[in-house]
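Geometric and topological summary
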Amino acid sequence: MNSEQLRYKMKNLDSLLPNRSVCNDEQLYELYSKFVELIEDTEYNIDIVDLYTMLHNAMEDFEMYE
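In what follows, the accompanying structure is described. Because the structure is a prediction, the values reported are computed rather than measured. (Residues numbered from 1 in each chain as written. Predicted model: local features only at pLDDT ≥ 70, side-chain atom pairs only at ≥ 80, totals over all residues. Heavy atoms only, no water.)

Here's the deal with the overall build of the protein chain
Scanning the protein chain for helices and strands turns up four helices and zero strands. Order of helices (α) and strands (β) in the protein chain, N terminus to C terminus: α-α-α-α. Expressed along its principal axes, the backbone C-alpha trace of the protein chain runs to roughly 35 × 30 × 25 Å. Summed over all atoms, the accessible surface of the protein chain reaches about 6,500 Å², with 54% contributed by carbon and sulfur. (Helix = DSSP H or I, 4+ residues; strand = E, 2+ residues; numbered from the N terminus. Areas by Shrake-Rupley, 256 points an atom, 1.4 Å probe, with all protein chains shown as cover.)

A look at the environment of asparagine 12
When you line up the elements, asparagine 12 lands in the loop between α1 (3-11) and α2 (13-16). A residue is classified by how much of its surface remains accessible, and asparagine 12, at 22% relative accessible area, is partly exposed. Taking the C-alpha atoms as reference points, asparagine 12 and tyrosine 52, 40 residues apart in sequence, are found 15 Å from one another. (Buried < 20%, exposed > 50% of the residue type's maximum accessible area, 1.4 Å probe, protein only.)

Observations regarding α1
Sparse coverage of α1 is indicated by the burial of zero of its nine residues. Where α1 starts, the residue carrying a side-chain oxygen 3.0 Å from the main-chain nitrogen of glutamate 4 turns out to be asparagine 2. (Polar contact = N/O pair within 3.5 Å; in protein donor to acceptor, adjacent residues only side chain to side chain.)

Describing the pattern of salt bridges
Should their charged atoms come close, side chains of opposite charge can pair. What the rule picks out here adds up to two salt bridges. In this structure, glutamate 4 engages arginine 7 in a salt bridge whose closest nitrogen and oxygen atoms are separated by 3.7 Å. Note that glutamate 4 and arginine 7 are positioned in helix α1 at a spacing of three residues, about one turn of the helix. The pair glutamate 4 / arginine 7 is uniform in exposure class, with both members exposed. Between lysine 34 and glutamate 30 there is a salt bridge; the shortest N-O distance is 3.7 Å. Separated by four residues within a single helix, lysine 34 and glutamate 30 lie in helix α3 (residues 25-41), roughly one turn from each other. (Salt bridge = Lys/Arg side-chain N within 4 Å of Asp/Glu carboxyl O.)

Here is the structure:
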């Protein structure tokens, strides 16, 4: 998979997994803002793969794939 394919899949996750989202619009924006702040406050370079990998690991820790 290349970065454009990943971008397309991530942009369309709500249609690929329609019953998985549990946040309302306000909560989604708040979560988005937290991610923006996290990225801006990180003092070293990170890439999308770094973020998705660590998000996946966190989701595994909370068993959110079930």
